[in-house]
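Observations on chain architecture
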Amino acid sequence: MSKLHIKKGDQVVVLSGVDKGKTGRILEVLVDKQRAIVEGVAIVAKHAKPSAKNPQGGIEKKEAPIHIAKLNVLDSKTGKATRVGRRLNADGKLVRYSKKSGEEIK
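The name given to the protein in an unreviewed UniProt entry is Large ribosomal subunit protein uL24, with Porphyromonas catoniae ATCC 51270 as the source organism.

Structural data, given as structure tokens:
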């Protein structure tokens, strides 16, 4: 399996779909399904049955997973979506960098 261009904690932009143009932070990456959960994006209503933990029940709003092909990392310098590359830094460690600005992604 290939490496993913995004990881938990990255600021990303949604490229297509209903939430196109929205930005958010990645909360979780589901590697086996090639999907990610992004904060404030792809909100769905989930019906919860009354239980001991939630005696009222009702409708919960939560983020649904979105395919990683629809996400691009947000470039901190330009504020726009950018592709991600990998290169060796001065210490000889492989790091991710922004293809738009050339800046290292932390």
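Continuing now.
Looking now at the overall build of the protein. Within the protein one finds zero helices and 10 strands. Helices and strands appear in the protein in the N-to-C order β-β-β-β-β-β-β-β-β-β. For a compact globule of 106 residues, the expected C-alpha radius of gyration is about 13 Å, and the protein comes in at 17 Å, more than 25% above that figure. Expressed along its principal axes, the backbone C-alpha trace of the protein runs to roughly 55 × 25 × 20 Å. Per-residue burial over the protein gives 28% buried out of 106 residues. If you take every contact in the protein between residues at least 6 apart in sequence, the share linking residues at least 24 apart comes to 38%. Surface accessibility of the protein: about 7,300 Å² in total, with carbon and sulfur atoms responsible for 51%. When the 24 basic and 11 acidic side-chain charges of the protein are each reduced to a single mean position, those positions are 4 Å apart.

This part is about unusual backbone geometry. The residue Gln34 is not glycine, and still its phi comes out positive at about 60 degrees. If you trace the backbone, Gln34 turns up in the loop between β2 (23-30) and β3 (35-38). Even without a glycine there, the phi angle at Ala42 is positive, about 60 degrees. Mapping Ala42 onto the fold places it in the loop between β3 and β4 (43-48). By relative accessible area, which is 18% here, Ala42 ends up buried.

Attention now moves to the sheet that holds β2. The sheet built from six strands is open, its strands ordered β6-β3-β2-β1-β7-β8 with antiparallel pairing. Of all the strands in the sheet, the pair left with one neighbour each is β6 (66-67) and β8 (81-82).

What counts and how
- Residue positions are given per chain, counting from 1 as you read along its sequence in written order.
- A pLDDT threshold of at least 70 governs which residues receive local features in this predicted model, and a stricter bar of 80 or more applies before side-chain atom pairs are shown or counted, although totals over entire chains, interfaces and linings include all residues.
- In computing side-chain values, all of the structure's heavy atoms are included and hydrogens and water are not.
- In this text, helices come from DSSP runs of H or I with a minimum length of four residues, and strands from runs of E with a minimum of two, each type numbered from the N-terminal end.
- Two things to know: the radius of gyration comes from C-alpha atoms, and the globule rule equals 2.2 Å times the number of residues to the power 0.38.
- For the exposure calls, accessible area comes from a 1.4 Å probe over protein chains only, and a residue counts as buried if that area is under 20% of its type's maximum, exposed if over 50%, partly exposed in between.
- Residue contacts are counted whenever heavy atoms from the two residues lie within 4.5 Å of one another.
- Only the protein chains shown count as cover for residues, with accessible areas throughout obtained via the Shrake-Rupley method and a probe of 1.4 Å.
- His is not counted, nor are the chain ends; Lys and Arg add positive charge and Asp and Glu add negative charge.
- Charged side chains are reduced to one point each, which is NZ for Lys, CZ for Arg, CG for Asp and CD for Glu.
- Strands are labelled as partners when DSSP assigns at least two bridges between them.

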